Amino acid sequence: MAYSPENPANPARDRYMLRKAAGRYWLLDMEQPGFPYRPPVVINEGGAYIWQSLAEGLSVTCIAEKLAMEYNIPEEEAQQDIIQFINQLVEQGISCKGFTEGKHN
């Protein structure tokens, strides 16, 4: 189910929590069954910003525009970086369902 203002359900946002501890960002699976245990995923500050933006329901395009302005890089490069980040999370078993579409603010 994609994000919409009328239906803000987002499976990935609801399942995973982003926390900062010991100077690192940790993505914790709040619904794992316990066995086999999956340790939290460590992500950097840029990844934390992207995750938080996606969790707020922002679209990849919108986040790319913000990153492009902030870091003075081409929007296409920022969008590719976001997609690469999402793909890396998926490879590590993190469900990103609901993050590919979103609102544009």
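Structure report, in brief. (Residues numbered from 1 in each chain as written. Predicted model: local features only at pLDDT ≥ 70, side-chain atom pairs only at ≥ 80, totals over all residues. Heavy atoms only, no water.)

### Some remarks on the packing of helix H2 (residues 45-55) against helix H4 (residues 75-91)
Running from amino to carboxyl end, H2 crosses H4 at an angle of 90°, the nearest separation of the two axes being 11 Å. Viewed along their axes, H2 and H4 adopt a mutual orientation that is roughly perpendicular. Taking contact as the criterion, the partners of Gly47, Ile50, Trp51 and Leu54 in H2 are, on H4, Ile82, Phe85, Ile86 and Leu89. For the contact of H2 with H4, the class distribution of residues is seven nonpolar, one polar and no charged. (Axes fitted to C-alpha atoms, helices over the stretch in contact; angles between N-to-C directions. Helix = DSSP H or I, 4+ residues; strand = E, 2+ residues; numbered from the N terminus. Parallel < 35°, antiparallel > 145°, perpendicular 65-115°, else oblique. Contact = heavy atoms within 4.5 Å. Nonpolar A, V, L, I, M, F, W, Y, C, P; charged D, E, K, R; others polar.)

### Section: the nonpolar core
By size, the foremost hydrophobic cluster in this structure holds 25 residues, and its most contacted members are Leu18, Leu27, Ile43, Trp51, Ile82, Leu89 and Ile94. Among the secondary structure elements, those contributing two or more residues to this core are strand E1 (16-21), strand E2 (24-29), strand E3 (41-43), H2, helix H3 (60-71) and H4. Excluding its chain neighbours within four sequence positions, the residues that come into contact with leucine 89 are Leu27, Ile43, Trp51, Ile94 and Cys96. (Core = buried A, V, L, I, M, F, W, Y, C linked by side-chain atoms within 4.5 Å. Buried < 20%, exposed > 50% of the residue type's maximum accessible area, 1.4 Å probe, protein only.)

### Overview of the pattern of salt bridges
With the rule as written, the count across this model stands at two salt bridges. Shared partners join several salt bridges into a network, and the residues in it are Arg15, Asp29 and Arg38. (Salt bridge = Lys/Arg side-chain N within 4 Å of Asp/Glu carboxyl O.)

### Some details on the sheet that holds E3
Strand order in the open sheet formed by three strands is E1-E2-E3, with antiparallel pairing between adjacent strands. With one partner strand each, in any of the chains shown, E1 and E3 form the two edges of the open sheet. Ignoring strand direction, the axes of neighbouring strands in this sheet form an average angle of 30°. Where E2 and E3 come together, three bridges link them in antiparallel fashion. Looking at the pairing, tyrosine 25 lines up with isoleucine 43 of E3. (Pairing = 2+ DSSP bridges.)

### Considerations on the packing of H3 against H4
Each pair of packed helices can be described by the angle between their axes along with the distance between the axes. In contact at an axis separation of 8 Å, H3 and H4 are set at 125° when each is read in the N-to-C sense. The orientation of H3 with respect to H4, classified from their angle, is oblique. Our pair here, H3 against H4, has a crossing hand that is right-handed. Of H4, the residues touching H3 (which contributes Val60, Thr61, Ile63, Ala64, Glu65, Leu67 and Ala68) are Glu75, Ala78, Gln79, Ile82, Ile83 and Ile86. When the residues that make up the contact of H3 with H4 are grouped by side-chain class, the tally is nine nonpolar, two polar and two charged. (Left-handed = near helix turned anticlockwise from the far one by under 90°.)

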